[in-house]
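# Structure assessment
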Amino acid sequence: MAGLQIFVSHLLSSFLGQLCTTSERTCHIGFTSCGGEIASESRIKFTSLRSSHGINVTSSYDEGRFSSNKSGFYLVLSNILSNSQDGYFIRKNGKEIARAWTHYSDSLVTPRYTAPLAAFMQLSFNYVITIEGKSVDFSSCLTIKSRKELKAVQTKDTEIAKLSTIVTDLELNYTRLLHDSLVTQANYHIQKLEVERLKEIKNLDVVNDLREIKDDINMLKASNRARSEDILAFFQFTGSAVDTKIKDLNDKLSRLEMSQNLIFLQVNSNVKKVGFTATNGHVIVGSFIVFRDISTSYGLTMCSEYSGGIFRASIPGYYLITVNILANADAGFSICYNTNAIVFAVVNWNGKDKGFHSATASAFVKVSVGDTVSVVGFRIDQLESSTSSMTIVKI
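What you see is a predicted model; the values in this text were computed from it and never measured.

## Quick look at the overall build of the chain
Each helix and strand counted, the chain has five helices and 20 strands in total. Here the chain, with 395 residues, has 39% of them falling under the buried criterion. When the accessible surface of the chain is summed, it comes to about 21800 Å², and 54% of that surface belongs to carbon and sulfur atoms.

## Details of the sheet that holds strand β19 (residues 372–378)
Either a parallel or an antiparallel arrangement is found when strands of a sheet pair, and the pairing is made through backbone hydrogen bonds. The five strands are arranged β13-β14-β19-β16-β17 in an open sheet whose pairing can be described as antiparallel. Each edge of the open sheet is held by one strand with a lone partner, namely β13 (306–307) and β17 (340–346). In the sheet, strand β16 (residues 332–337) pairs with β19 via six bridges, with the strands oriented antiparallel. For Ser-334, the partnering residue across the bridge sits in β19 and is Val-376.

## Some points on a nonpolar patch on the surface
Residues Tyr-318, Phe-364 and Ile-395 make up a contiguous nonpolar surface patch of about 320 Å² in total accessible area. Within the secondary structure, Ile-395 is located in the segment after β20 (389–394). Assessed through its relative accessible area of 46%, Ile-395 is described here as partly exposed.

## Topic: the pattern of salt bridges
What the rule picks out here adds up to six salt bridges. A salt bridge links Arg-227 to Asp-180; its shortest N-O distance comes to 3.9 Å. In this pair, Arg-227 is assigned in helix α4 (residues 206–271) and Asp-180 in helix α3 (residues 157–199), connecting sequence segments 47 residues apart. The salt bridge involving Arg-197 is made with Glu-194; its shortest N-O contact spans 2.7 Å. Of this pair, Arg-197 and Glu-194 are both found in helix α3, three residues apart, which corresponds to roughly one turn of the helix. Overall, the relative accessible area of 43% leaves Arg-197 in the partly exposed class.

## A word on the pairing of strand β7 (residues 95–101)
With six bridges connecting them, strand β6 (residues 87–92) and β7 associate as antiparallel partners. Paired with Phe-89 across the two strands is Arg-99, which belongs to β7. A loop of two residues connects β6 with β7, the two strands running antiparallel in sequence, and Asn-93 in this loop sits at a positive phi of about 55 degrees.

## Concerning the nonpolar core
Ranked by size, the top nonpolar core spans 34 residues in total, and within it Phe-276, Phe-291, Phe-311, Val-323 and Phe-333 carry the most contacts. When residues no more than four places from it in sequence are discounted, the contact partners of Phe-276 are Phe-120, Ile-294, Thr-296, Ser-297, Leu-300, Met-302, Tyr-306, Phe-311, Met-390, Thr-391 and Ile-392. Counting residues in each nonpolar core, the second largest holds 28 residues, with Ile-90, Ala-115, Leu-117 and Leu-123 among its members.

## Focus: the side chain of Ser-385
Considering the arrangement of structural elements, one finds Ser-385 in the loop between β19 and β20. In this structure Ser-385 comes out as buried when scored by relative accessible area, which is 19%. Once residues lying within four places of it in the same chain are set aside, the contact partners of Ser-385 are Thr-279, Asn-280, Gly-281 and His-282.

## Focus: the sheet that holds strand β11 (residues 275–283)
The strand order across the open sheet formed by five strands is β12-β11-β20-β15-β18, and the pairing between neighbours is antiparallel. Edge positions in the sheet fall to β12 (289–298) and β18 (356–367), since each has one partner strand and no second. Averaged over neighbouring strand pairs, the angle between their axes works out to 15 degrees when direction is ignored. Both strand β15 (residues 317–328) and β20 contribute to a ladder of six bridges, which runs antiparallel. Residue pairing in the sheet places Val-323 in a bridge with Met-390 of β20.

## Remarks on unusual backbone geometry
Unlike most non-glycine residues, Asn-280 shows phi in positive territory, near 65 degrees. Mapping Asn-280 onto the fold places it in strand β11. Here Arg-379, not a glycine, exhibits a phi torsion of approximately 55 degrees, which is positive. Secondary-structure assignment places Arg-379 in the loop between β19 and β20. On the accessibility criterion, Arg-379 (46% relative accessible area) is partly exposed.

## Observations concerning the environment of Phe-276
Inspection of the secondary structure assignment puts Phe-276 in strand β11. Distance from Phe-276 to Ala-119, taken between C-alpha atoms, is 8.2 Å for residues 157 residues apart in sequence.

## Considerations on the packing of aromatic side chains
What characterises a pair of aromatic rings is the spacing of the ring centres plus the angle enclosed by the ring planes. Per the stated rule, a full pass over the model turns up nine aromatic pairs. Aromatic side chains Tyr-318 and Phe-364 sit 5.7 Å apart centroid to centroid with 10 degrees between the ring planes, which places their arrangement in the stacked category. Of this pair, Tyr-318 sits in strand β15 while Phe-364 is found in strand β18, placing the two residues 46 residues apart along the sequence. Through pairs of rings, three or more aromatic residues link up here, namely Phe-31, Tyr-61, Phe-66 and Tyr-74. Across from the ring centre of Phe-89, 4.9 Å away, lies the NZ or CZ of Arg-91, which sits over that ring.

## Concerning the confidence of the model for the chain
In the predicted model, the chain carries a mean pLDDT of 80, and 81% of its residues have values of at least 70. Across residues 1–25, where pLDDT falls below 50, the model places 54 contacts with residues more than four positions away in sequence or in other chains. In this model, residues 150–154 is a region of pLDDT below 50 whose contacts with residues beyond four sequence positions or in other chains number 16 contacts.

## Some thoughts on the side chain of Ser-68
Structurally, Ser-68 can be placed in the loop between β4 (65–67) and β5 (72–82). The buried category is assigned to Ser-68, whose relative accessible area is 0%. Excluding its chain neighbours within four sequence positions, the residues that come into contact with Ser-68 are Tyr-74, Leu-123, Ser-124, Phe-125, Asn-126 and Tyr-127.

So, how was this worked out
- Residues numbered from 1 in each chain as written.
- Predicted model: local features only at pLDDT ≥ 70, side-chain atom pairs only at ≥ 80, totals over all residues.
- Heavy atoms only, no water.
- Helix = DSSP H or I, 4+ residues; strand = E, 2+ residues; numbered from the N terminus.
- Buried < 20%, exposed > 50% of the residue type's maximum accessible area, 1.4 Å probe, protein only.
- Areas by Shrake-Rupley, 256 points an atom, 1.4 Å probe, with all protein chains shown as cover.
- Pairing = 2+ DSSP bridges.
- Patch = residues over 30% accessible without salt bridge, like charges linked within 9 Å, V, L, I, M, F, W, Y side chains within 5 Å.
- Salt bridge = Lys/Arg side-chain N within 4 Å of Asp/Glu carboxyl O.
- Core = buried A, V, L, I, M, F, W, Y, C linked by side-chain atoms within 4.5 Å.
- Contact = heavy atoms within 4.5 Å.
- Axes fitted to C-alpha atoms, helices over the stretch in contact; angles between N-to-C directions.
- Phe/Tyr/Trp six-rings, centres within 6.5 Å; stacked < 30°, edge-to-face > 60°.
- Lys NZ or Arg CZ within 6 Å of the ring centre and 35° of its normal.
- pLDDT = per-residue confidence, 0-100.

Here it is as C-alpha cells:
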C-alpha cells in the first residue's frame, strides 16, 4: 500500500509538471508617425504620431532615433516627400541598410518627389534606427513594426483537484486500516497474556474460566477473521479502482503530450523569422532584374534560395514583397509570382524629363515550398543600381 501511495503521488507531480509547461505566442507591436522635419545634420524626425500598438513611443523614439527596447525582427518603412533631388537612407547603428532617391534629373524645374524606403532587419537591445537626408516635407511618414513574444500558462484546475482528492482519500483509508489492524493485534496479545496468567491461578475454576476465555478468543478470532476479510476485500476494491484511475491518468497524460507537441510544432512554424533586403540591381539576360548585394538576411540560405534574380521559397507562408527601382524614363517593371506578373509599376511613362525616376511596387502573396518570385524589367535602358532594392519578408 505504501508503494502504491508513492506511485500515485509521483504520478500527480508528473501530471502537474506537464500542465505547467508554457507555449510561445506572439502579438504585433509598432507605430506610425508623420510630420517629417530635419532634427540635426541629416537625421530626420517624425513629430506627428498617428497610431501605436503595444509600444511606448515616447521612450523608444526621440529626435529621429528609434531605440529598440527588446531584441527581435523589425520592418522599417518610410515615405519621404521632398522638393530636392537627394538620397535618403535607413541606418542601423550608423550603418546604411537601405537607400532611395526622390528624383535624379538634369531638368531645371524641381517639383516635389517621393522617395520610399523599406528594410527588414534584426535588432538587439538598444540598437538605433535613423532616417537620414538633407531635406524633408512635413507630409513624410515613418512606420516601424515588430512583434513581441508572450508566455501563456496552461492550467487544469479541475483535473488537479480530482487527483488531489483521490490521493487524499487513499491516504485516509490506508491510515484507518492500519490503525484497525494495530488495535486488533494489541487486543489479541492482551487476551493471550490474560490466558497465561489465569493458568497460574490454582484456586479458581480453571475449567470454566478457560472455557469462557476460549470462547472469547474464538469470538475475537472470528471477529479478526471477518475484519481481515473486510480489509482484503477493501484492498482488492481499492486496488482495482486505483488501477483504473492510473490507466485513465496515463491516457490523459499521453493525450496532453500529443497536444503539446502539436502546439509547439504550430508555434515554431508560425513564428520562424524569414526575410532579406537586397540592393545593387542589374538587368540580366531575359530582362530579369537581379539584386547582387544582400544587405540583411534572416532564416534563409541565400546562395540556394536567391539566384539569378529568382527567389525560390523553402518555407511556406504569407510573404510581403517590396521593390524600389530608379531607372531612365519610359521604363517599367513587374513583380512575378511563378512567372505570372501580379504587380506592374511604371517609372515615367511618356514623360518629357529623360532623367532617372523612382518607382515602387509591393505585393502580398501566399507562397508554397518551391514557388518562385522574380522582378522583370520593361524598356529599362539604364538602371541606377545603388538605389534599386528589393525586400522580401515572411509575415
